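Below, each chain spelled out in residue letters.
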Amino acid sequence: MVKLKLSTLKASTLLEVIVAMVIIMIVFVLATGIFAKVIGSSPSVKQQQVRSLSSGIIQECLAQRNWTDETVEVDSIVFQKTVLPYGNDPDLLQISVSAIEHGKEIGKSRRIVRKGRDDAK
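Residues numbered from 1 in each chain as written. Predicted model: local features only at pLDDT ≥ 70, side-chain atom pairs only at ≥ 80, totals over all residues. Heavy atoms only, no water.

(A) Highlighting the pattern of salt bridges. Counting across every chain of the model gives three salt bridges. One salt bridge in this structure joins Lys-46 and Glu-101, with 2.8 Å as the shortest N-O distance. With Lys-46 in helix α2 (residues 45–64) and Glu-101 in strand β3 (residues 92–101), the pair connects residues that are 55 residues apart, well separated along the chain. As a salt-bridge pair, Arg-114 and Asp-89 come within 3.2 Å of each other at their nearest N and O atoms. (Salt bridge = Lys/Arg side-chain N within 4 Å of Asp/Glu carboxyl O. Helix = DSSP H or I, 4+ residues; strand = E, 2+ residues; numbered from the N terminus.)

(B) Local environment of the environment of Ile-77. Mapping Ile-77 onto the fold places it in strand β2 (residues 77–85). In this structure the C-alpha to C-alpha distance between Ile-77 and Ser-109, which are 32 residues apart in sequence, comes to 14 Å. If we skip the residues at most four places from it in the chain, Ile-77 touches Lys-46, Val-50, Val-72, Ala-99, Ile-100, Glu-101 and Ile-106. (Contact = heavy atoms within 4.5 Å.)

(C) The pairing of β3, seen in detail. The buried count for β3 comes to nine of ten residues, which makes it a mostly enclosed element. The sheet contact formed by β2 and β3 spans eight bridges and is antiparallel. Counterpart to Val-78 in the pairing with β3 is Ile-100. Linkage of β2 to β3, two consecutive antiparallel strands, is achieved through a turn of six residues, within which Gly-87 is found at a positive phi near 70°. Here β3 runs beside strand β4 (residues 104–114); their pairing, made up of ten bridges, is antiparallel. Across the sheet, residue Val-97 finds its bridge partner in β4, namely Ser-109. If you look at the hairpin formed by β3 and β4, you'll find two residues sitting between the two strands, and His-102 has a positive phi there, around 55°. (Buried < 20%, exposed > 50% of the residue type's maximum accessible area, 1.4 Å probe, protein only. Pairing = 2+ DSSP bridges.)

Shown next, in the form of structure tokens:
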């Protein structure tokens, strides 16, 4: 007759399994926290769009030599351009563009420019 060889398998205890699961859960919680911070700190698409549009408004102001305050609405974002004298030099201007959405400022761009001598307004 054939003899069957009976062997026992070494198994984990319930305590070892629970400890392993707790360690894995801690690693996942830490990874999720790190992922959330990285995503939260990166600039959003809307912030990049606001920066681009603000910069475009300033460039258009320079190209047209338009030194007046204006308000422009793009989608649901209101861009307020203000032009103020900068320092004691009458030829220096500070152009500020604030982006406001639902009453909350979501971005601001500033640039200091030299106004030409022919622009005596």
